[in-house]
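Each chain is listed here by its residues.
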Amino acid sequence: MRYVILRDDDTNALTPPECLEQLYRPFLERGLPVNLAAIPNVRTDVRTLDGRPEGFLFARNGDTPRTLPLGSSQQLVRYLRDNPGYHLAQHGYHHDPAEFDREDREEIRRRLELGTKLLTEAGFPPPETFVAPHDKFSPASFAEVAARFRVISTGWFELRRLPLTWWPRYALKKLTRRPHWRAGKTLLLSHPGCLLSCHRPVEGMFARVREAVESRELTVLVTHWWEYFRTRGKLDERLAQELWRLADFLAIHPSIKTLAFGELPGPGRP
Ligand SMILES: [Zn+2]
(Lines give C-alpha, C1' and ligand atoms only; values in the text may rest on other atoms or scores of the structure.)
Protein backbone atom coordinates (compact mmCIF):
# COMPACT_ATOMS: atom_id res chain seq x y z
CA MET A 1 0.00 0.00 0.00
CA ARG A 2 1.16 3.55 -0.77
CA TYR A 3 0.00 6.71 1.02
CA VAL A 4 -0.59 10.25 -0.13
CA ILE A 5 -1.14 13.39 1.92
CA LEU A 6 -2.44 16.37 -0.01
CA ARG A 7 -1.39 19.67 1.64
CA ASP A 8 -2.67 23.02 0.44
CA ASP A 9 -0.95 26.06 1.98
CA ASP A 10 -1.91 29.61 2.89
CA THR A 11 -5.64 29.47 3.65
CA ASN A 12 -6.27 32.65 5.67
CA ALA A 13 -9.09 35.02 6.64
CA LEU A 14 -8.96 36.59 3.15
CA THR A 15 -9.36 33.26 1.30
CA PRO A 16 -12.68 33.26 -0.59
CA PRO A 17 -14.34 29.93 0.32
CA GLU A 18 -15.51 29.53 -3.29
CA CYS A 19 -11.86 29.20 -4.39
CA LEU A 20 -11.37 26.16 -2.13
CA GLU A 21 -14.76 24.82 -3.18
CA GLN A 22 -13.92 24.98 -6.90
CA LEU A 23 -10.56 23.29 -6.43
CA TYR A 24 -11.41 20.64 -3.89
CA ARG A 25 -15.01 19.55 -4.54
CA PRO A 26 -13.71 16.63 -6.69
CA PHE A 27 -11.64 15.45 -3.69
CA LEU A 28 -14.33 16.00 -1.06
CA GLU A 29 -17.02 14.21 -3.03
CA ARG A 30 -14.75 11.18 -3.42
CA GLY A 31 -14.00 11.11 0.31
CA LEU A 32 -10.35 12.15 -0.17
CA PRO A 33 -9.11 14.28 2.77
CA VAL A 34 -7.62 17.72 2.04
CA ASN A 35 -5.10 19.14 4.53
CA LEU A 36 -5.13 22.93 4.68
CA ALA A 37 -2.09 24.63 6.20
CA ALA A 38 -3.96 27.64 7.59
CA ILE A 39 -2.48 30.97 8.74
CA PRO A 40 -3.91 31.74 12.21
CA ASN A 41 -3.54 35.54 12.12
CA VAL A 42 -2.46 36.68 8.67
CA ARG A 43 -0.51 39.94 8.29
CA THR A 44 -2.27 41.55 5.38
CA ASP A 45 0.71 43.55 4.09
CA VAL A 46 3.14 40.64 4.20
CA ARG A 47 5.65 40.13 1.42
CA THR A 48 7.64 37.17 0.13
CA LEU A 49 11.31 36.62 1.00
CA ASP A 50 12.27 38.59 -2.13
CA GLY A 51 9.90 41.47 -1.40
CA ARG A 52 6.89 40.79 -3.63
CA PRO A 53 3.33 40.97 -2.21
CA GLU A 54 2.14 37.48 -1.20
CA GLY A 55 -0.30 35.99 -3.74
CA PHE A 56 -2.69 34.70 -1.08
CA LEU A 57 -3.79 38.27 -0.24
CA PHE A 58 -5.45 39.08 -3.58
CA ALA A 59 -8.84 39.64 -1.90
CA ARG A 60 -7.57 42.47 0.32
CA ASN A 61 -8.70 46.05 -0.20
CA GLY A 62 -7.84 49.49 1.17
CA ASP A 63 -9.88 48.97 4.36
CA THR A 64 -8.35 45.63 5.30
CA PRO A 65 -6.91 45.69 8.87
CA ARG A 66 -3.17 44.98 9.25
CA THR A 67 -3.76 41.53 10.78
CA LEU A 68 -6.77 39.23 10.49
CA PRO A 69 -7.46 36.12 12.59
CA LEU A 70 -8.86 33.18 10.64
CA GLY A 71 -12.03 33.29 12.75
CA SER A 72 -12.83 36.81 11.51
CA SER A 73 -14.14 35.27 8.27
CA GLN A 74 -17.37 33.67 9.46
CA GLN A 75 -18.13 32.60 5.91
CA LEU A 76 -14.85 30.71 5.56
CA VAL A 77 -15.10 29.12 9.02
CA ARG A 78 -18.65 27.94 8.32
CA TYR A 79 -17.60 26.50 4.94
CA LEU A 80 -14.63 24.61 6.43
CA ARG A 81 -16.64 23.28 9.36
CA ASP A 82 -19.50 22.18 7.06
CA ASN A 83 -17.04 20.06 5.05
CA PRO A 84 -15.37 17.51 7.33
CA GLY A 85 -13.03 16.45 4.49
CA TYR A 86 -10.88 19.49 5.33
CA HIS A 87 -8.26 19.08 8.05
CA LEU A 88 -6.37 22.11 9.37
CA ALA A 89 -2.66 22.29 10.08
CA GLN A 90 -1.09 25.39 11.66
CA HIS A 91 0.87 27.44 9.14
CA GLY A 92 3.04 29.90 11.09
CA TYR A 93 1.28 32.74 12.88
CA HIS A 94 1.32 35.96 10.79
CA HIS A 95 3.15 34.31 7.85
CA ASP A 96 5.87 36.93 8.18
CA PRO A 97 8.74 35.85 5.91
CA ALA A 98 11.05 33.58 7.91
CA GLU A 99 8.99 34.13 11.09
CA PHE A 100 10.25 30.81 12.51
CA ASP A 101 13.82 31.33 11.34
CA ARG A 102 14.68 33.10 14.61
CA GLU A 103 16.43 32.16 17.84
CA ASP A 104 14.28 34.06 20.36
CA ARG A 105 12.51 31.17 22.07
CA GLU A 106 10.02 33.36 23.88
CA GLU A 107 8.83 34.91 20.61
CA ILE A 108 8.68 31.47 18.96
CA ARG A 109 6.54 30.12 21.81
CA ARG A 110 4.30 33.16 21.74
CA ARG A 111 3.56 32.75 18.03
CA LEU A 112 3.01 28.99 18.30
CA GLU A 113 0.67 29.26 21.27
CA LEU A 114 -1.31 32.26 20.02
CA GLY A 115 -1.70 30.57 16.63
CA THR A 116 -3.13 27.41 18.16
CA LYS A 117 -5.39 29.49 20.41
CA LEU A 118 -6.84 31.40 17.45
CA LEU A 119 -7.52 28.23 15.45
CA THR A 120 -9.26 26.52 18.38
CA GLU A 121 -11.22 29.68 19.23
CA ALA A 122 -12.46 29.67 15.62
CA GLY A 123 -13.96 26.23 16.37
CA PHE A 124 -11.34 23.84 14.95
CA PRO A 125 -9.67 20.97 16.81
CA PRO A 126 -6.19 21.79 18.20
CA PRO A 127 -3.81 21.43 15.23
CA GLU A 128 -1.37 18.49 15.45
CA THR A 129 0.66 19.40 12.37
CA PHE A 130 2.87 22.45 11.82
CA VAL A 131 4.08 23.99 8.55
CA ALA A 132 6.54 26.94 8.72
CA PRO A 133 6.19 29.85 6.26
CA HIS A 134 8.55 29.24 3.33
CA ASP A 135 9.77 26.12 5.21
CA LYS A 136 12.19 28.27 7.25
CA PHE A 137 13.07 26.90 10.69
CA SER A 138 15.83 27.69 13.17
CA PRO A 139 17.12 24.95 15.53
CA ALA A 140 15.20 26.65 18.37
CA SER A 141 11.98 26.64 16.30
CA PHE A 142 12.30 22.95 15.44
CA ALA A 143 12.70 22.14 19.14
CA GLU A 144 9.76 24.32 20.25
CA VAL A 145 7.48 23.05 17.46
CA ALA A 146 8.38 19.40 18.18
CA ALA A 147 7.45 19.94 21.84
CA ARG A 148 3.93 20.94 20.78
CA PHE A 149 3.06 19.19 17.48
CA ARG A 150 2.92 15.52 16.47
CA VAL A 151 3.88 16.19 12.84
CA ILE A 152 6.17 18.69 11.11
CA SER A 153 5.75 18.92 7.35
CA THR A 154 8.49 20.74 5.44
CA GLY A 155 10.38 20.69 2.15
CA TRP A 156 13.67 19.21 3.29
CA PHE A 157 15.98 19.03 6.31
CA GLU A 158 19.41 20.65 6.69
CA LEU A 159 21.84 19.82 9.47
CA ARG A 160 22.55 23.47 10.37
CA ARG A 161 18.84 24.13 11.00
CA LEU A 162 18.35 21.16 13.35
CA PRO A 163 18.77 21.06 17.15
CA LEU A 164 22.12 19.44 18.06
CA THR A 165 20.41 16.53 19.82
CA TRP A 166 18.73 15.55 16.52
CA TRP A 167 22.02 15.26 14.60
CA PRO A 168 22.68 11.53 15.19
CA ARG A 169 19.19 10.56 13.98
CA TYR A 170 19.54 12.91 11.04
CA ALA A 171 22.82 11.21 10.09
CA LEU A 172 21.03 7.86 10.17
CA LYS A 173 18.19 9.20 8.03
CA LYS A 174 20.75 10.45 5.47
CA LEU A 175 22.58 7.17 5.49
CA THR A 176 19.42 5.14 4.96
CA ARG A 177 18.05 7.72 2.46
CA ARG A 178 14.70 7.93 4.20
CA PRO A 179 12.54 10.92 3.23
CA HIS A 180 10.72 10.90 6.60
CA TRP A 181 12.01 10.39 10.12
CA ARG A 182 11.23 11.05 13.74
CA ALA A 183 12.52 13.18 16.62
CA GLY A 184 11.06 11.96 19.89
CA LYS A 185 7.30 11.84 19.43
CA THR A 186 7.29 14.09 16.37
CA LEU A 187 7.13 12.82 12.81
CA LEU A 188 9.32 14.80 10.41
CA LEU A 189 8.01 14.67 6.85
CA SER A 190 9.72 16.03 3.75
CA HIS A 191 8.09 16.50 0.35
CA PRO A 192 9.35 16.30 -3.24
CA GLY A 193 8.86 20.04 -4.01
CA CYS A 194 5.65 21.77 -5.12
CA LEU A 195 4.88 19.66 -8.18
CA LEU A 196 1.39 21.15 -8.58
CA SER A 197 2.33 24.76 -9.18
CA CYS A 198 1.90 27.64 -11.61
CA HIS A 199 5.71 27.94 -11.55
CA ARG A 200 6.12 24.60 -13.35
CA PRO A 201 5.13 23.62 -16.87
CA VAL A 202 1.51 22.39 -17.02
CA GLU A 203 2.56 19.93 -19.70
CA GLY A 204 3.29 16.62 -17.97
CA MET A 205 2.44 17.95 -14.49
CA PHE A 206 0.15 15.13 -13.49
CA ALA A 207 2.63 12.55 -14.84
CA ARG A 208 5.33 13.99 -12.53
CA VAL A 209 2.97 13.85 -9.57
CA ARG A 210 2.08 10.26 -10.36
CA GLU A 211 5.73 9.30 -10.64
CA ALA A 212 6.44 10.86 -7.21
CA VAL A 213 3.53 9.00 -5.62
CA GLU A 214 4.53 5.68 -7.14
CA SER A 215 8.19 5.97 -6.16
CA ARG A 216 7.85 6.15 -2.34
CA GLU A 217 5.69 4.75 0.38
CA LEU A 218 4.38 8.08 1.72
CA THR A 219 4.26 11.22 -0.43
CA VAL A 220 3.25 14.67 0.81
CA LEU A 221 1.97 16.66 -2.18
CA VAL A 222 2.03 20.42 -1.67
CA THR A 223 0.09 23.02 -3.60
CA HIS A 224 -1.19 26.59 -3.04
CA TRP A 225 -4.86 27.40 -3.76
CA TRP A 226 -4.11 31.00 -4.83
CA GLU A 227 -1.81 29.89 -7.65
CA TYR A 228 -4.93 28.65 -9.45
CA PHE A 229 -6.57 32.12 -9.22
CA ARG A 230 -3.85 34.52 -10.30
CA THR A 231 -5.91 36.39 -12.90
CA ARG A 232 -8.15 38.59 -10.77
CA GLY A 233 -9.52 35.62 -8.89
CA LYS A 234 -10.49 33.70 -12.05
CA LEU A 235 -9.84 29.95 -12.05
CA ASP A 236 -6.92 28.76 -14.19
CA GLU A 237 -8.74 25.77 -15.67
CA ARG A 238 -5.65 24.25 -17.26
CA LEU A 239 -3.78 24.10 -13.98
CA ALA A 240 -6.87 22.95 -12.09
CA GLN A 241 -7.35 20.08 -14.56
CA GLU A 242 -3.99 18.65 -13.42
CA LEU A 243 -5.15 18.78 -9.80
CA TRP A 244 -8.48 17.15 -10.64
CA ARG A 245 -6.69 14.38 -12.54
CA LEU A 246 -5.01 13.62 -9.24
CA ALA A 247 -8.44 13.31 -7.54
CA ASP A 248 -9.54 10.78 -10.21
CA PHE A 249 -6.30 8.86 -9.89
CA LEU A 250 -6.40 8.69 -6.07
CA ALA A 251 -10.05 7.67 -6.05
CA ILE A 252 -9.67 4.70 -8.37
CA HIS A 253 -6.20 3.42 -7.47
CA PRO A 254 -6.77 0.36 -5.24
CA SER A 255 -3.34 0.40 -3.60
CA ILE A 256 -3.04 4.12 -2.78
CA LYS A 257 -4.69 5.56 0.30
CA THR A 258 -5.11 9.30 0.79
CA LEU A 259 -4.65 10.42 4.38
CA ALA A 260 -5.13 13.37 6.67
CA PHE A 261 -1.97 14.17 8.67
CA GLY A 262 -3.91 13.11 11.78
CA GLU A 263 -4.30 9.58 10.41
CA LEU A 264 -0.56 8.88 10.40
CA PRO A 265 0.47 6.27 12.93
CA GLY A 266 2.55 7.42 15.88
CA PRO A 267 2.90 7.16 19.64
CA GLY A 268 -0.49 6.40 21.15
CA ARG A 269 -1.92 5.53 17.73
CA PRO A 270 -2.22 2.26 15.83
ZN1 LIG B 1 2.83 29.75 3.15
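What you see is a predicted model, and the numbers here were worked out from it, not measured in a lab. (Residues numbered from 1 in each chain as written. Predicted model: local features only at pLDDT ≥ 70, side-chain atom pairs only at ≥ 80, totals over all residues. Heavy atoms only, no water.)

## Overview of the environment of alanine 251
Phase 1: Relative to the assigned elements, alanine 251 resides in helix α7 (residues 237-252).
Phase 2: Taking the relative accessible area as the measure of exposure, alanine 251 reaches 40% and is therefore partly exposed.
Phase 3: Discounting chain neighbours no more than four positions away, the residues touching alanine 251 are Arg30 and Leu32. (Helix = DSSP H or I, 4+ residues; strand = E, 2+ residues; numbered from the N terminus. Buried < 20%, exposed > 50% of the residue type's maximum accessible area, 1.4 Å probe, protein only. Contact = heavy atoms within 4.5 Å.)

## Brief notes about the packing of helix α3 (residues 105-121) against helix α4 (residues 139-146)
Phase 1: Where α3 meets α4, the closest approach of the two axes is 10 Å, and the angle between their N-to-C directions is 40°. One element, α3, and the other, α4, form an angle in the oblique class. When you trace α3 past α4, the crossing you get is right-handed. Residues Arg105, Ile108, Arg109 and Leu112 of α3 lie in contact with α4, whose contacting residues are Ala140, Ser141, Ala143, Glu144 and Val145.
Phase 2: Among the residues making up the contact of α3 with α4, the classes are represented as five nonpolar, one polar and three charged. (Axes fitted to C-alpha atoms, helices over the stretch in contact; angles between N-to-C directions. Parallel < 35°, antiparallel > 145°, perpendicular 65-115°, else oblique. Left-handed = near helix turned anticlockwise from the far one by under 90°. Nonpolar A, V, L, I, M, F, W, Y, C, P; charged D, E, K, R; others polar.)

## Comments concerning helix α1 (residues 17-28)
Phase 1: Its 12 residues give α1 an end-to-end C-alpha distance of only 14 Å, which falls more than 12% under 16 Å, the value for a rise of 1.5 Å per residue.
Phase 2: Where α1 is concerned, the buried positions are Pro17, Cys19, Leu20, Leu23, Tyr24, Pro26, Phe27 and Leu28.
Phase 3: Turning to α1, the residues buried within the fold contact β1 (2-11), β2 (34-38), α2 (74-82), β5 (86-91), β10 (218-224) and α7. (Expected span 1.5 Å × (residues − 1).)

## What about the nonpolar core?
Across soluble globular proteins, nonpolar side chains show a tendency to be buried alongside one another.
Phase 1: One finds Phe27 and Leu246 to be the most contacted residues of the largest nonpolar core, which totals 53 residues.
Phase 2: Sorting the residues of this core by element identifies β1, α1, β2, α2, β5, α6 (205-214) and α7 as the ones contributing at least two each.
Phase 3: Per-element tally for this core: the top contributor is α7, with eight residues.
Phase 4: Ignoring anything within four residues of it in the chain, the contact list for phenylalanine 27 reads Leu6, Leu32, Val34, Leu243, Leu246, Ala247 and Leu250.
Phase 5: Among the nonpolar cores identified, the runner-up in size contains 19 residues, and Phe130, Ala132, Phe137 and Tyr170 belong to it. (Core = buried A, V, L, I, M, F, W, Y, C linked by side-chain atoms within 4.5 Å.)

## Regarding the pairing of β5
Phase 1: In terms of burial, β5 is a largely internal element, five of the six residues being buried.
Phase 2: Bridge analysis of β2 against β5 gives five bridges, and the strand direction is parallel. Within β5, the position partnered with alanine 37 by the bridge is alanine 89.
Phase 3: Pairing of β5 with strand β6 (residues 129-131), which is carried by two bridges, proceeds in the parallel orientation. Considered in β6, the bridge of glutamine 90 is made with phenylalanine 130. (Pairing = 2+ DSSP bridges.)

## A word on the coordination of the zinc ion
Phase 1: In the first shell of the zinc ion, the protein supplies Asp10 (OD), His91 (NE2) and His95 (NE2), at 2.1 Å from the metal.
Phase 2: Expressed as a motif, the donor residue spacing for the zinc ion is D-x80-H-x3-H.
Phase 3: Relative accessible area serves as the criterion here: at 2%, histidine 91 is assigned to the buried category.
Phase 4: The class for histidine 95 is buried, based on a relative accessible area of 2%. (Donors = N, O, S within 2.8 Å, 3.2 Å for Na, K, Ca; no water.)

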